[in-house]
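# Fold and contact review
The residues making up each chain are set out below.
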Amino acid sequence: MPEGHTVHRLARTFDQLFAGHALRMISPQGRFADGAALLDGQVLVAAEAWGKQLFLGFGGALAPTGTTAERWLRVHLGLYGAWTFASDGSADVVHAIGAPRKRVGERETVPAPELSDAGDPQGSRASDSSPGVGEWAAPAPRGAVRVRLLGAHAVADLTGPAACEVVTPEEKAAVEARLGADPIRPDGGHASLDAAREAFACRVRRSRVAVGQQLMDQAVVAGVGNIYRAEVLFRAGVDPLRAGRDVPASTLGAIWDDLVVLMRDGAATGAIVTTRPEDRDAALPGFGPPVAGLPDDGSGRGAPRAGRRRTRQNTDGTPGAVPPDEAFYVYHRDGLPCRVCGAPVLTKELAGRALYWCGTCQA
Ligand SMILES: [Zn+2]
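Let me sum up the structure you'll find in this document. (Residues numbered from 1 in each chain as written. Predicted model: local features only at pLDDT ≥ 70, side-chain atom pairs only at ≥ 80, totals over all residues.)

Burial analysis of strand β8 (residues 154–159) places six of its six residues in the buried class, which makes it a mostly covered element. Burial of β8 is two-sided: the residues Ala 154, Ala 156 and Leu 158 facing one way and the residues Val 155, Asp 157 and Thr 159 facing the other way are all buried. As defined by bridge partners, strand β5 (residues 82–87) adjoins β8 across six bridges and the pair is classed as antiparallel. Looking at the pairing, Thr 84 lines up with Asp 157 of β8. Where strand β7 (residues 145–150) meets β8, five bridges bridge the pair, whose relative direction is antiparallel. The partner of Val 147 across the bridge, within β8, is Leu 158. (Buried ≥ 20, exposed ≤ 12 C-beta atoms within 10 Å, placed from the backbone. Helix = DSSP H or I, 4+ residues; strand = E, 2+ residues; numbered from the N terminus. Pairing = 2+ DSSP bridges.)

Here it is, written out as structure tokens:
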């Protein structure tokens, strides 16, 4: 399931591709035919995310810029949902979606691979469009497409969502009222980011439920999934099985602040990276075990390692991409040595989802 940073990126993509344009909306699969008919031909005036919820606002057929949305399309991808974008290759459109054709969703750890454009994607015409000579023809829907949004230069197809419905502004507000603070929203979804931090800490401390379980509760904090849950607790040195009410408010405040940094970085780059540079590269040649004879510096990291740590750089000197196998401290690293203390990373199932943590660093 995509975590919140992906849904925020989706909102930005919709804004860049479609905002200000009247869109065709159909349900090739048929299951959303009534909802699509309500919004067909209307102008997209807003695209927002709150946690894992995506809201696309529509303001009528001739809505000028700045119009308030009259109706919203609410989408939650859930475990199996995905958006697939395709475009005519316009430079600005490719910039928005990163590729002429791209699929977002379904997989949690890494972006799904781009679909290969076997055959001629332009060759099959959408059933709802009859473009003239020289105009772009959207590729035919693939699979059971619940809803298709079609603009002049791009198309977005939704498959397999957990939720897809048309809601009023009041119904949207009711959905949001049930959600916890969102670290990626500028104000966290509250009066201010400080208020959001306070609300998060109070909410966790109200319950004896394990803090690791509460972080996955969208009513406690919105947008956190299994990766951010595991990683932020490691970075804070907090045992995920500790009762929420036993975690100090100051620690929860620090966890919130860390989520703000990590998740906004994920929303900006599209990749989740939680390891600090000094904790990567340990497995590279030249970075062997601790050097005998050098004292432990008391940092809890053990004795210094042999050699100088190398930082990956691009040829222009900017930091290089962090490879996926060095991006996390504990997520999906069960049985591997902890990057900080060397103890094997632990895993167990908690409320139906795999939890990962270091029993030493998070004692
Ligand atoms: Zn450790």
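What follows covers the nonpolar core. Judged by nonpolar contacts, the single largest core of 82 residues is most densely connected at Leu 44, Leu 56, Ala 230 and Val 330. Residue-level mapping places this core at the junction of two domains, with at least three residues from each of domain 1 (4–175) and domain 2 (193–275 + 322–357). For Ala 230, the residues in contact, after removing those within four places along its chain, are Val 330, Tyr 331, Leu 355, Tyr 356 and Trp 357. (Core = buried A, V, L, I, M, F, W, Y, C linked by C-beta atoms within 7 Å. Domains from an automatic or database assignment. Contact = placed C-beta atoms within 7 Å.)

Moving on to helix α7 (residues 226–236). Burial of α7 is extensive: nine of the eleven residues sit out of reach of the surface. Along α7, the positions that sit buried rather than exposed are Ile 227, Tyr 228, Arg 229, Ala 230, Glu 231, Val 232, Leu 233, Phe 234 and Arg 235. Just downstream of α7 lies Gly 237, where phi reads positive at about 70°.

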